[in-house]
Amino acid sequence: TSDFALLFVTDDLGIESNNNEIITLFPNPASEQIIISSNSFLIGATFIICDMRGIQLQTGKITSENDPVIISNLPSGFYFLIVDNEYRCNFLKSN
């Protein structure tokens, strides 16, 4: 299992480029908190955590390049983190 998740921006052909890394989530899986590590241009951006059904469970704003987000209140499962309705990645909440 991986200890973090990476989000990459793809071009119109769907080809990933490691040079366009936008967000890193770690640890993944996580039990108490995740760290959203992002470029400084995302500071102030809104994030949403949704479950697999698309139900919004938590929201917040990115306040730093390494922003901790408490997830201990979420049940174990697979979740999506969406930033400004544009950048998406996923993580696993474990006990």
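For the structure itself, consult the block above.
Residues numbered from 1 in each chain as written. Predicted model: local features only at pLDDT ≥ 70, side-chain atom pairs only at ≥ 80, totals over all residues. Heavy atoms only, no water.

Undergrad: Explain the overall build of the protein chain to me, please; I cannot follow it from the model alone.
TA: Helix and strand counts for the protein chain come out as zero helices and eight strands. Helices and strands appear in the protein chain in the N-to-C order β-β-β-β-β-β-β-β. Taking all 95 residues of the protein chain together, 36% fall into the buried category. Excluding contacts between residues fewer than 6 apart, the proportion of contacts in the protein chain whose partners are at least 24 apart in sequence is 45%. Summed over its atoms, the accessible surface of the protein chain is roughly 5600 Å², and 49% of this surface lies on carbon and sulfur atoms. (Helix = DSSP H or I, 4+ residues; strand = E, 2+ residues; numbered from the N terminus. Buried < 20%, exposed > 50% of the residue type's maximum accessible area, 1.4 Å probe, protein only. Contact = heavy atoms within 4.5 Å. Areas by Shrake-Rupley, 256 points an atom, 1.4 Å probe, with all protein chains shown as cover.)

Undergrad: Is there a simple way to explain the packing of aromatic side chains in this structure?
TA: Within the structure shown, the criterion is met by three aromatic pairs. Considering the side-chain rings of Phe-41 and Tyr-87, the 6.4 Å spacing of their centres and the 70° angle between planes classify their relative orientation as edge-to-face. Within this pair, whereas Phe-41 is found in the loop between strand E3 (33-38) and strand E4 (46-50), its partner Tyr-87 is found in strand E8 (residues 87-93), the two being separated by 46 residues in sequence. Residue class for Phe-41 comes out partly exposed when judged on its relative accessible area of 49%. A relative accessible area of 13% means that Tyr-87 is categorised as buried. Between Phe-78 and Phe-80, the ring centres sit 5.7 Å apart and the planes meet at 85°, which makes this aromatic pair edge-to-face. Given the relative accessible area of 33%, Phe-78 is considered partly exposed. Under the relative-accessibility criterion, Phe-80 is labelled partly exposed at 28%. (Phe/Tyr/Trp six-rings, centres within 6.5 Å; stacked < 30°, edge-to-face > 60°.)

Undergrad: Explanation requested: the nonpolar core in the structure shown.
TA: A general tendency of soluble globular proteins is for nonpolar side chains to be buried together. Within the largest apolar cluster, 20 residues are counted, with the highest numbers of intra-cluster contacts made by Ile-23, Ile-49 and Val-83. Elements represented by at least two residues in this core include exactly strand E2 (16-26), E3, E4, strand E7 (77-83) and E8. (Core = buried A, V, L, I, M, F, W, Y, C linked by side-chain atoms within 4.5 Å.)

Undergrad: Honestly, the pattern of salt bridges in this entry has me stumped. Any pointers?
TA: When the charged atoms of two side chains with opposite charge come close together, those side chains can pair. All told, the structure shown has one salt bridge when counted by the stated rule. Close ionic contact of Asp-51 with Arg-53 constitutes a salt bridge, the shortest N to O distance being 2.7 Å. On the basis of relative accessible area, Arg-53 is assigned to the exposed category, the value being 67%. (Salt bridge = Lys/Arg side-chain N within 4 Å of Asp/Glu carboxyl O.)

Undergrad: Please clarify how the side chain of Asp-51 should be interpreted in this entry.
TA: On the secondary structure map, Asp-51 appears in the loop between E4 and strand E5 (56-61). Since its relative accessible area comes to 9%, Asp-51 is described here as buried. Beyond its immediate chain neighbours, meaning those up to four positions away, Asp-51 contacts Leu-57, Phe-78, Tyr-79 and Phe-80.

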